[in-house]
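Commentary on secondary and tertiary structure
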Amino acid sequence: MDNSIFQVYEDEIQSLEEEIKLLAEKYEDSQQESTFFSDEEILMSIKSYQTEIKGHEFPSNLKAELETLETDLSFLMKFTGIQFTNHSKKTVEKTRNRTVQKHRLSGNCHSLSFQLEFQLLEMQNKENVSVVINDLSIVMESGENSDVSKFVSSTEESGNLLTFFRSFSSYAEWYEHRRCTFLHFK
Amino acid sequence: GVFAHLEMLEVQSHEAAVKQVEMEQQEEKLARLKATVQELRLQRDKLQAKVDLQQKGQLCKEGVMLPLAQPSAQAVLEWKIKSVKAMLQVFYLTGISGKLTKRGVCFCISTAYEGTYLDSYFLDLLTEPEVQIYRHSVPVFIPLEQIAKKYLQTDIRRFLSVLSDHLNAYVRRRYQADQLQEHFSDQIEGKLQRNSLCNLLVFNYNVSSKSKTFLFNMRLLYGNLCCSLPTEVIISCTPDAPASVAEMAAAHSDLFRRVALHKAFRSFSSTEERVD
């Protein structure tokens with residue numbers, strides 16, 4: 001019996017295992033992305049989870065994990081001044097080396113609000129994972145200001161999400177100072 | 001005679017037995033592999049059907065799909081955890097993210113060239129008794145100490161902002177040089193020389209005019225460390241070059257001050273026809 005027949009089966013086993021892994025991830029992503037629980041439902045679940053785990057030894061405490069993550073998030077929002085009010089994403093493509101997600105993000109920075117939509121492409125290459133933003137679309141409050149709209153359209157064209165946030169952050173801070181100063185002198 | 005013959009028969013029968021065992025083992029292995037393949041195929045088909053049903057369910061319903069059964073508290077919490085983690089990942093895209101640590105904060109500064117995210121750098125800060133940098137991954141040629149001395153104690157936000165400007169500008173200069181080497185190597189003569197901060201680039205490149213090729217020497221100096229465009233562009237050509245070529249050098253000099261390096265080179269292929 002020659003070894004090539006074993007190789008054929010072993011190759012198929014490997015490809016089936018990869019397919020199964022991808023399908024399982026697709027299913028989980030889809031579940032996650034299409035579900036929504038309100039803050040009240042979250043609070044209720046925390047309460048009932050607490051009574052469930054009382055007196056038991058649980059290897060992973062979900063409540064503690066959630067608290068740590070929420071503390072980190074609220075710290076970042078407070079520190080950077082960037083508050084995200086809504087975030088939704090949808091995985092539109094997922095293969096072994098490539099994931100494409102569509103994101104919708106809204107929030108405000110100091111007192112200025114924004115709404116973003118973009119496509120995020122993650123590619124696994126030899127050494128690392130590359131992240132690229134495409135199809136960026138920005139809607140900003142005070143978008144009537146011609147400087148702001150110029151900035152917004154050049155940012156959308158180049159997909160320059162990072163510069164958007166860095167610049168928006170300083171612009172919003174300046175705008176806030178100006179507003180407060182103006183109110184002070186009124 | 002007889003003994004030799006008997007020995008030979010013994011050896012033959014032993015070899016036959018060994019071969020028999022080998023064959024049985026191989027057949028067993030093959031049977032196991034076949035069975036595994038069947039199992040996995042079944043598993044895969046079941047999962048595929050599950051995913052297909054899920055997709056159909058989403059196409060039928062508009063808006064948000066509510067789970068049919070009452071989800072457990074654990075499932076709800078797991079959903080929320082994934083949701084918060086996703087939002088923390090979005091912060092990475094804004095350029096400044098991080099997490100709280102026992103003794104302070106660990107910040108992550110991300111960099112990008114337009115829509116492509118590049119290296120990220122971390123700064124582990126202690127907040128007691130005063131703000132100090134415990135560990136970091138900022139390259140040594142970035143003036144971290146200078147920036148820290150100026151801003152760290154009084155305005156951490158400003159400190160991170162200025163540091164982010166330096167890091168992003170460095171990464172973008174490096175990206176432009178890398179892109180040039182990767183996509184326009186046929187136009188570059190010899191080696192592209194650069195320093196670690198990528199704020200000084202020297203190289204020679206070919207330019208053709210009226211079906212003759214000329215060599216330009218280019219020296220780019222990026223005087224502003226927070227900027228990814230050069231402050232000084234010196235292009236020199238050979239003294240015997242005609243006036244039209246000298247004009248081209250002047251035009252290029254102006255172009256490189258305004259446009260990213262690799263984008264400027266990209267525009268040459270479209271303008272080269274015009275010069276000829």
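Since this is a predicted model, take the numbers as computed values, not measurements. (Residues numbered from 1 in each chain as written. Chains lettered and ligands numbered in written order. Predicted model: local features only at pLDDT ≥ 70, side-chain atom pairs only at ≥ 80, totals over all residues. Heavy atoms only, no water.)

The helix and strand tally for chain B stands at six helices and eight strands. Starting at the N terminus and ending at the C terminus, chain B contains elements arranged as α-α-β-β-β-β-α-α-β-β-β-β-α-α. Relative to the globule expectation of 19 Å for 276 residues, the C-alpha radius of gyration of chain B, 33 Å, shows a markedly less compact shape. With the C-alpha coordinates aligned to their principal axes, the bounding extent of chain B is approximately 100 × 70 × 50 Å. (Helix = DSSP H or I, 4+ residues; strand = E, 2+ residues; numbered from the N terminus. Rg over C-alpha atoms; globule rule 2.2 N^0.38 Å.)

All names here are of chain A. Applying the stated criterion across every chain yields a total of 24 aromatic pairs over all chains. Aromatic pair Phe 114 and Phe 165: ring centres 5.8 Å apart, planes at 85 degrees, arrangement edge-to-face. Taken together, the positions of Phe 114 in strand E3 (residues 112–124) and Phe 165 in helix H5 (residues 161–185) put the pair 51 residues apart, joining distant regions of the chain. There is no split in this pair, since Phe 114 and Phe 165 are both buried. Geometrically, the ring pair formed by Phe 151 and Phe 164 is stacked, given 6.3 Å between the ring centres and 15 degrees between the ring planes. A residue pair is termed long-range when its members are at least 10 positions apart, and Phe 151 in helix H4 (residues 146–158) and Phe 164 in helix H5 qualify at 13 residues. (Phe/Tyr/Trp six-rings, centres within 6.5 Å; stacked < 30°, edge-to-face > 60°. Buried < 20%, exposed > 50% of the residue type's maximum accessible area, 1.4 Å probe, protein only.)

Attention shifts here to the environment of His 136 of chain B. Residue and element names in this part refer to chain B. One can find His 136 in strand E4 (residues 132–136). Note on His 136: relative accessible area 39%, which makes it partly exposed. C-alpha of His 136 to C-alpha of Leu 123: the two residues are 13 residues apart in sequence and 4.3 Å apart in space. Once residues within four sequence positions are removed from consideration, His 136 is found in contact with Phe 122, Leu 123 and Leu 144. In this structure the side chain of His 136 is engaged in a polar contact, spanning 3.0 Å, whose partner is the backbone nitrogen of Val 138. (Contact = heavy atoms within 4.5 Å. Polar contact = N/O pair within 3.5 Å; in protein donor to acceptor, adjacent residues only side chain to side chain.)

Attention now moves to the domain arrangement of chain A. Once the domains are mapped, chain A shows domain 1 (2–48) and domain 2 (82–93 + 105–117 + 135–184). Domain 1 of chain A and domain 2 of chain A are separated by 35 Å when their C-alpha centres are compared. (Domains from an automatic or database assignment.)

Taken together, the contact pairs 65 residues of chain A with 64 residues of chain B. Approximately 6,300 Å² of surface area, both sides summed, lies buried where chain A meets chain B, with 72% of it carried by carbon and sulfur atoms. Taken together, the links from chain A to chain B amount to four salt bridges. The closest approach of N and O atoms between Glu 12 of chain A and Arg 41 of chain B, which form a salt bridge, is 2.7 Å. In terms of strand pairing, strand E4 (residues 129–140) of chain A meets strand E3 (residues 116–126) of chain B through two bridges, oriented antiparallel. Considered in E3 of chain B, the bridge of Val 131 of chain A is made with Tyr 117 of chain B. (Buried area = accessible area lost by both parts, 1.4 Å probe. Salt bridge = Lys/Arg side-chain N within 4 Å of Asp/Glu carboxyl O. Pairing = 2+ DSSP bridges.)

Okay, the UniProt feature "coiled-coil region" (unreviewed entry) in chain A next. UniProt tags residues 6–33 of chain A as "coiled-coil region" (unreviewed entry). Across residues 6–33 of chain A, helical content stands at 100% and strand content at 0%; the span's end C-alpha atoms are separated by 40 Å. (UniProt positions renumbered as here; feature names shortened; annotations may be inferred.)

Further remarks concern the environment of Ser 236 of chain B. Residues and elements named next belong to chain B. Within the secondary structure, Ser 236 is located in strand E8 (residues 232–237). In this structure Ser 236 comes out as partly exposed when scored by relative accessible area, which is 34%. Excluding its chain neighbours within four sequence positions, the residues that come into contact with Ser 236 are Leu 215, Phe 216 and Asn 217.

Formed by 46 residues in total, the largest nonpolar core has its most connected members in Phe 84, Phe 114, Leu 116, Leu 161 and Phe 165 of chain A. With residues up to four places along the chain from it excluded, the contact list for Phe 84 of chain A reads Met 77, Leu 105, Ser 106, Gly 107, Phe 114 and Phe 165 of chain A together with Met 87, Val 90, Phe 91 and Thr 94 of chain B. Grouped together as the second largest cluster of nonpolar side chains are 26 residues, Val 207, Val 233, Met 248 and Leu 255 of chain B included. (Core = buried A, V, L, I, M, F, W, Y, C linked by side-chain atoms within 4.5 Å.)

This paragraph deals with helix H1 (residues 4–34) of chain A. Between its first and last C-alpha atoms H1 of chain A spans 45 Å; for 31 residues at 1.5 Å apiece the expected length is 45 Å, and the two agree. Three or more residues of H1 of chain A are buried, namely Phe 6, Tyr 9, Ile 13, Leu 16, Ile 20, Leu 23, Asp 29, Ser 30, Gln 32 and Ser 34 of chain A. (Expected span 1.5 Å × (residues − 1).)

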